[in-house]
Amino acid sequence: MIRSLSALAFFALTALGAQAVTLDPQGQIRPELLGEALAAQESHKADTRETGRLVVVDYSLHSREPRLYIVNLQTGDVAAFRATHGKGSDTDHDGFLDSFSNESGSNASPEGAFVTAEEYIGQHGQSLRLDGLDATNSASRNRAIVIHAAGYAEPEFLAQHGKLGRSNGCIAFSEADLKTFLSDVPEGSLIFVGK
């Protein structure tokens, strides 16, 4: 916790120079998770670009809750979205992620820091590749862990089932939220996935 708060203070005072910005003024993101994400961004500076965006995924929350956050590092504002997790991470399908995995064939979500890579058109339509930056997600590109839209992430699915469906480890959005994400998060941005 102290490390996380130190990272927040460090970021607010140094990364933006003399113009300190309060990140997440409404307190949507757990402070310790935001601190971990900021520390990851600092340690992976060589692997990412300064895009003005930081994405934080809080898989401690139920899939019916908005739990993917886009942080605007210039203004401090946060936009929150619903996002799926992998079926291998939630074998009882209760809507909560129980475990992470970096193993091929696990159908589980990996954790840690990722960098957004290239967009492409795949079996789920418009999609975004992710490159894992940590030992906990180093196989992500080989596993095809990407960001895409899915019918099981649409509001109608949530209204019917009380939770989102599960992916094969990917972060899936509704079609509308994917469009917003792709337009707001440039290539080279850091995504931090934790619990």
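Our subject is the structure listed above.
Computed from a prediction, not measured in an experiment: that's the story for all the values here.

## Comments concerning the pairing of strand β8 (residues 190–194)
Then, in step 1: Judged by how many residues are buried, β8 sits mostly within the fold: five of five residues are covered.
Then, in step 2: Every second residue of β8 is oriented toward a common face, with Leu 190, Phe 192 and Gly 194 on one face and Ile 191 and Val 193 on the other, all of them buried.
Then, in step 3: In terms of strand pairing, strand β1 (residues 53–58) meets β8 through five bridges, oriented parallel. Bridging across to β8, Leu 54 finds its partner in Leu 190.
Then, in step 4: Relative to β8, strand β4 (residues 112–122) runs antiparallel, the two sharing four bridges. By the bridge assignment for β8, Ala 113 is matched with Phe 192.

## A look at the environment of Leu 130
Then, in step 1: Residue placement: Leu 130 occurs in strand β5 (residues 125–132).
Then, in step 2: Residue classification places Leu 130 among the buried residues on the basis of a relative accessible area of 1%.
Then, in step 3: Not counting residues up to four positions away in its chain, the partners in contact with Leu 130 are Phe 114, Val 115, Thr 116, Ser 140, Arg 141, Ile 145, Val 146, Ile 147, Ile 171 and Ile 191.

Each value, and the rule that gives it
Residues numbered from 1 in each chain as written. Predicted model: local features only at pLDDT ≥ 70, side-chain atom pairs only at ≥ 80, totals over all residues. Heavy atoms only, no water. Buried < 20%, exposed > 50% of the residue type's maximum accessible area, 1.4 Å probe, protein only. Helix = DSSP H or I, 4+ residues; strand = E, 2+ residues; numbered from the N terminus. Pairing = 2+ DSSP bridges. Contact = heavy atoms within 4.5 Å.

Geometric descriptors of this kind do not, in isolation, establish any biological role.
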